[in-house]
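Architecture at a glance
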Amino acid sequence: MAYEIVYSLYPMVAALLLCQGMGVLWYGPLFGKQWLAEMNFASMPGECGPPIMPFLLTIVSNFLTTFLMINVHNILVVSTVQQALLIAFAYWAATVGLRIPHYAFGMKSLRLFLIDSVFDLVIAMDVSAVIFYLAKYAA
């Protein structure tokens with residue numbers, strides 16, 4: 001049986017906007033000062049010039065995450081929000097597991113790892129929930 005890749009515009013746009021908004025909050029007023037200190041930045045990266053490349057890469061990354069989640073939801077025929085959140089947790093656990101050696105060998109702090117990793121968990125859960133609810137109630 002062949003599987004068709006699904007392009008769902010509304011959940012994708014909603015999830016992308018959510019990711020960008022959560023990033024602004026997370027790395028701004030919520031944990032911005034702690035993150036800057038752990039990264040050893042004197043100021044926000046964009047204060048020396050527009051951080052166009054990081055924003056573009058973030059949008060591409062969020063697009064890929066959203067695209068993957070939409071298709072996993074469709075393949076597994078997610079019928080409850082609990083299933084959607086379990087998918088998000090499995091995605092997060094796999095990606096955070098791959099990142100642990102990079103933080104360890106990069107001599108980055110546990111605090112920085114936690115700020116970044118918990119953000120990724122929040123994003124994965126939010127994206128999966130948005131996809132689930134839009135697919136279920138907006139269809």
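Further up the page is the structure itself.
Residues numbered from 1 in each chain as written. Predicted model: local features only at pLDDT ≥ 70, side-chain atom pairs only at ≥ 80, totals over all residues. Heavy atoms only, no water.

1. What about the overall build of the protein?
Worth spelling out the cut-off: Secondary structure elements are defined from DSSP: runs of H or I of at least 4 residues count as helices, runs of E of at least 2 residues count as strands, and each element is numbered from the N terminus. Three exposure classes are used, based on accessible area relative to the maximum for each residue type with a 1.4 Å probe and protein chains only: buried under 20%, partly exposed in between, and exposed over 50%. We call two residues in contact whenever any of their non-hydrogen atoms come within 4.5 Å of each other. Throughout, the Shrake-Rupley method with a 1.4 Å probe supplies accessible areas, and for residues the shown protein chains are the sole cover considered.
Counting its secondary structure elements, the protein contains 5 helices and 0 strands. Going residue by residue from the N terminus, the α and β elements of the protein occur as α-α-α-α-α. Scored against the burial criterion, the 139 residues of the protein give a buried share of 29%. Considering only contacts within the protein whose residues lie at least 6 apart along the sequence, 77% involve residues at least 24 apart. For the protein, the accessible area works out to roughly 9,000 Å², and carbon and sulfur atoms hold 74% of it.

2. A short note on the nonpolar core
As a reminder of what qualifies: In this description, a nonpolar core means a group of buried Ala, Val, Leu, Ile, Met, Phe, Trp, Tyr and Cys residues linked to one another through side-chain atoms lying within 4.5 Å.
Counting 28 residues, the largest nonpolar core has Tyr27, Trp35, Met69, Phe119, Ile123 and Val127 as the members making the most contacts within it. At the level of secondary structure, the elements contributing two or more residues to this core comprise helix 1 (9-30), helix 2 (32-39), helix 3 (52-76), helix 4 (81-105) and helix 5 (110-137). With 9 residues, helix 5 is the single largest residue contributor to this core.

3. A look at the packing of helix 3 against helix 4
The condition is simple: Axis lines are fitted to C-alpha atoms, over the contacting stretch for helices. Their N-to-C directions set the angle, which ranges from 0 to 180 degrees. Working rule for angles: under 35 degrees goes down as roughly parallel, over 145 as roughly antiparallel, 65 to 115 as roughly perpendicular, anything else as oblique. Two helices that cross are described as forming a left-handed crossing if the nearer one is turned anticlockwise from the farther one by less than a right angle, and a right-handed crossing if clockwise. Residue polarity is assigned by list, with Asp, Glu, Lys and Arg as charged and Ala, Val, Leu, Ile, Met, Phe, Trp, Tyr, Cys and Pro as nonpolar; anything else, Gly included, falls into the polar class.
Where helix 3 contacts helix 4, the two axes come as close as 11 Å, and the packing angle between them is 130°. By the angle class used here, helix 3 and helix 4 are oblique. Of the two elements, helix 3 crosses helix 4, and the hand of that crossing is right-handed. Contacts from Thr65, Leu68, Met69, Val72, His73 and Leu76 in helix 3 reach Ala84, Ile87, Ala88 and Tyr91 in helix 4. When its residues are assigned to classes, the contact of helix 3 with helix 4 shows 8 nonpolar, 2 polar and no charged.

4. Points about the side chain of Arg99
Convention followed: Nitrogen and oxygen atoms within 3.5 Å of one another constitute a polar contact, given that in protein one can donate a hydrogen and the other can accept it, and given that sequence-neighbouring residues count only through two side-chain atoms.
Structurally, Arg99 is set in helix 4. Within the structure, the side chain of Arg99 is placed 2.4 Å from the side chain of Asp120, a separation counted as a polar contact. Those residues within four positions of Arg99 in sequence are excluded, and the remaining contacts are Asp116, Ser117 and Asp120.

5. Thoughts on the pattern of salt bridges
Note the cut-off: Salt bridges are defined by distance alone: a side-chain nitrogen of Lys or Arg within 4 Å of a carboxyl oxygen of Asp or Glu.
All chains considered together, the criterion is met by 2 salt bridges. The salt bridge involving Arg111 is made with Glu38; its shortest N-O contact spans 3.8 Å. Of this pair, Arg111 sits in helix 5 while Glu38 sits in helix 2, and the two are 73 residues apart along the sequence. Judged by its relative accessible area of 45%, Arg111 is partly exposed. A relative accessible area of 23% means that Glu38 is categorised as partly exposed. The closest approach of N and O atoms between Arg99 and Asp120, which form a salt bridge, is 2.4 Å. Pair noted here: Arg99 is in helix 4 and Asp120 is in helix 5, with a separation of 21 residues, a long-range link.

Geometric descriptors of this kind do not, in isolation, establish any biological role.
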